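Residue-level listing of the chains:
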Amino acid sequence: MASHAATAPLPNLADAPAPAAKAWAVLAAWPITAVFMLGNIASPLYVVWQAQFGFSKGTLTAIFCWYMVGLAASLLVSGVVSDRLGRKAVLLPALGLAVVAAVVLATADGVAALSIGRVLTGLATGALVSAGTAAVTDLAGTDHRRLAALLGSIGVAVGTGLGPIWGGLLAETLPGPTTTVFWIQIALLLIAIAVVARMPLARPRDTGTGWIRLPRVPASARRNLLAAVAIAGPALTTTSFMLALAPSLLTEQLGTDNRIVAGAVPATAFAASILAQLALRGSSVLRLLLLSATGTVLASAALIAAVATAEPAVLLLSAAFAGPAQGLGLLGGLSMLNRAVPSSGLAEANAALNITTYGLAGGLALGLGHRSDAVGLGAAIDDFAIALVVLTAIGLGLTAWARREPAGSPATATGRP
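Residues numbered from 1 in each chain as written. Predicted model: local features only at pLDDT ≥ 70, side-chain atom pairs only at ≥ 80, totals over all residues. Heavy atoms only, no water.

Regarding the pattern of salt bridges
So, step 1. Counted according to the given criterion, the structure contains three salt bridges.
So, step 2. Its salt-bridge partner being Glu252, residue Lys57 comes within 2.5 Å of it at the nearest N-O pair. Of this pair, Lys57 sits in helix H4 (residues 57-85) while Glu252 is found in helix H10 (residues 246-252), placing the two residues 195 residues apart along the sequence.
So, step 3. We note a salt bridge from Asp383 to Arg371, for which the minimum N-O separation is 3.0 Å. Note that Asp383 is positioned in helix H15 (residues 377-403) and Arg371 in helix H14 (residues 346-375), a separation of twelve residues in sequence.
So, step 4. By relative accessible area, Asp383 is classed as partly exposed at 34%. (Salt bridge = Lys/Arg side-chain N within 4 Å of Asp/Glu carboxyl O. Helix = DSSP H or I, 4+ residues; strand = E, 2+ residues; numbered from the N terminus. Buried < 20%, exposed > 50% of the residue type's maximum accessible area, 1.4 Å probe, protein only.)

Spelled out as structure tokens, the structure:
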């Protein structure tokens, strides 16, 4: 039987000076960035693999979406395990799994290997989404939860945006366009492992039951979660398009197969995401969600215009709207959960937000890929963009419904959009 000392919480940063807590919170965002770089570094490589292995756009989007399958599976476990056994108990194995995923992708010889590599990457990403963002919050302390939400969201955006441009640059300039990028990424993941190993995080007392369940939030936060997903889901789908099918659009209809340009499209989205989050970090949650919805509508309209004009610059404009939509939607959702959910359940709440948001985005992206095989990429993109606008309008309605909750209800007491 384990001793009491083995399960007692270890010292943490609760009593540390604020600068030390903030510094560790910033460092804790690096592992999130490194794993999201791995998850999105392949964006400019999909068309290279497609030409090499001869698969359809439906298969291309399926390979992309295997990542989301792995992420969803990870979120079923990682949030609960992190809240029960501690952040490091999840983060260190997850980073090791990311290294394995990079090796599989670097040596892939067909669709099966690419799919396995993407599943493994998703498993690692799910752990960083839940336990990683919770670790940032733990290290920042209770007085800096809004900062923690910003750091977690920016860590995701930096990794997601840097990955494609980094991957495109290396693939265009170095030998082995589908291999070298992953071997270099392994070195960055090893640095992330070293950071996590030294994090001054407490180990919680394990008092929970069960290990696998659908992530959930307290009843008082459910309307907040629903409103966030309804806005952030379509927003995330716009950036999923930039990562998965924008290179195909560039090659087939916009007249360029340059891998740096293919990487620059999603990089533009996530650079804009970071700038928007920094500029609007003091905004109310409601304003963040409304601006996210506006960005989704503008990104969708510009995407239709890009198809109609065959201009790469218009696609970049769509990406510039998509990034803030995704970033502000995620920041608004994380802020609501950080405000409404106690620390003991925060990783699971983060998992609930992400599994539902990514599930919606993955389903829409997969549908777009198969639709494009049936009617052509341009027509499918028009249908896709219209669907995003409709879903965003529904999301705005759900947000208004959540805000009409009667005064004095539990959700009102703990924070609402």
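Notes on the layout of surface pockets
So, step 1. There is about 210 Å³ of room inside the second largest pocket.
So, step 2. Lining the second largest pocket are 16 residues; nearest its centre among them are Val47, Val48, Pro247, Thr251 and Asp257.
So, step 3. If you list the elements that add at least two residues to the lining of the second largest pocket, you get helix H3 (46-53), H10 and helix H11 (259-279).
So, step 4. If you tally residues by element for the lining of the second largest pocket, the top one is H10, at five residues.
So, step 5. Partitioning the lining of the second largest pocket into residue classes produces eight nonpolar, five polar and three charged. (1 Å grid on protein atoms, 1.4 Å probe; cavity = no way out; pocket = protein on both sides within 12 Å on 5 of 7 lines; lining within 4 Å. Points joined across faces, edges and corners; volume = space filled by probe spheres on them. Nonpolar A, V, L, I, M, F, W, Y, C, P; charged D, E, K, R; others polar.)

Focus on the packing of aromatic side chains
So, step 1. Applying the stated criterion across every chain yields a total of four aromatic pairs.
So, step 2. Both rings, one in Trp49 and one in Phe182, keep their centres 6.3 Å apart while their planes meet at 15°; by these two values the pair is stacked. Here the residue Trp49 occupies a position in helix H3, and Phe182 occupies one in helix H8 (residues 180-197), the gap between them amounting to 133 residues. For the pair formed by Trp49 and Phe182, the shared burial category is buried.
So, step 3. By way of ring pairs, the aromatic residues Tyr46, Trp49, Phe64 and Phe182 are connected into one cluster. (Phe/Tyr/Trp six-rings, centres within 6.5 Å; stacked < 30°, edge-to-face > 60°.)

So, helix H12 (residues 285-309)
Since one α-helical turn is 3.6 residues long, residues separated by three or four positions face the same way.
So, step 1. Its 25 residues give H12 an end-to-end C-alpha distance of 36 Å, which sits within 8% of 36 Å, the value for a rise of 1.5 Å per residue.
So, step 2. Ala310 sits one or two positions beyond H12 and adopts a positive phi of about 60°. (Expected span 1.5 Å × (residues − 1).)

Section: the side chain of Thr121
So, step 1. Considering the arrangement of structural elements, one finds Thr121 in helix H6 (residues 111-140).
So, step 2. Reaching out from Thr121, the side chain makes a polar contact with the backbone oxygen of Gly117 at a distance of 2.8 Å.
So, step 3. If sequence neighbours within four positions are ignored, Thr121 has contacts with Leu38, Gly39, Tyr67, Ala101 and Leu105. (Polar contact = N/O pair within 3.5 Å; in protein donor to acceptor, adjacent residues only side chain to side chain. Contact = heavy atoms within 4.5 Å.)

Description of the nonpolar core
So, step 1. Residues Phe182, Phe241, Leu249 and Leu315 are the most contacted members of the largest nonpolar core, which totals 112 residues.
So, step 2. At twelve residues, the largest contribution of residues to this core is made by H6.
So, step 3. With sequence-adjacent residues up to four places away left out, Leu315 is seen in contact with Phe241, Met242, Ala246, Leu249, Leu250, Leu254, Val265, Leu303 and Ala306. (Core = buried A, V, L, I, M, F, W, Y, C linked by side-chain atoms within 4.5 Å.)

Brief notes about empty space enclosed by the protein
Unfilled space is identified by rolling a water-sized probe across the atoms.
So, step 1. Counted under the stated rule, the structure contains five cavities of 30 Å³ or more.
So, step 2. Size it by volume and the largest cavity reaches roughly 90 Å³.
So, step 3. If you trace the largest cavity, you find 13 residues lining it, with Asn40, Thr160, Leu236, Leu243 and Tyr358 closest to the centre.
So, step 4. Counting only elements with at least two residues in the lining of the largest cavity, the list comes to helix H2 (18-40), H4 and helix H9 (222-244).
So, step 5. The dominant element in the lining of the largest cavity, judged by the number of residues it contributes, is H9, at four residues.
So, step 6. Taken together, the residues of the lining of the largest cavity sort by class into eight nonpolar, five polar and no charged.
So, step 7. Around the second largest cavity, the lining residues are Ala232, Leu236, Gln326, Gly329, Leu330, Leu353, Asn354, Thr357 and Tyr358.
So, step 8. The set of elements that each furnish at least two residues to the lining of the second largest cavity consists of H9, helix H13 (312-340) and H14.
So, step 9. If you tally residues by element for the lining of the second largest cavity, the top one is H14, at four residues.

Some thoughts on the packing of H9 against H11
The geometry of a pair of packed helices is captured by two quantities: the angle between their axes and the separation between those axes.
So, step 1. Between H9 and H11, whose axes approach to 8 Å, the crossing angle comes to 150°. With respect to H11, the axis of H9 lies roughly antiparallel. In the packing of H9 onto H11, the handedness of the crossing is left-handed. Contacts between H9 and H11 involve Thr239, Met242 and Leu243 from the first element and Val265, Pro266, Ala269 and Phe270 from the second.
So, step 2. Looking at the contact of H9 with H11 residue by residue, the class counts come to six nonpolar, one polar and no charged. (Axes fitted to C-alpha atoms, helices over the stretch in contact; angles between N-to-C directions. Parallel < 35°, antiparallel > 145°, perpendicular 65-115°, else oblique. Left-handed = near helix turned anticlockwise from the far one by under 90°.)

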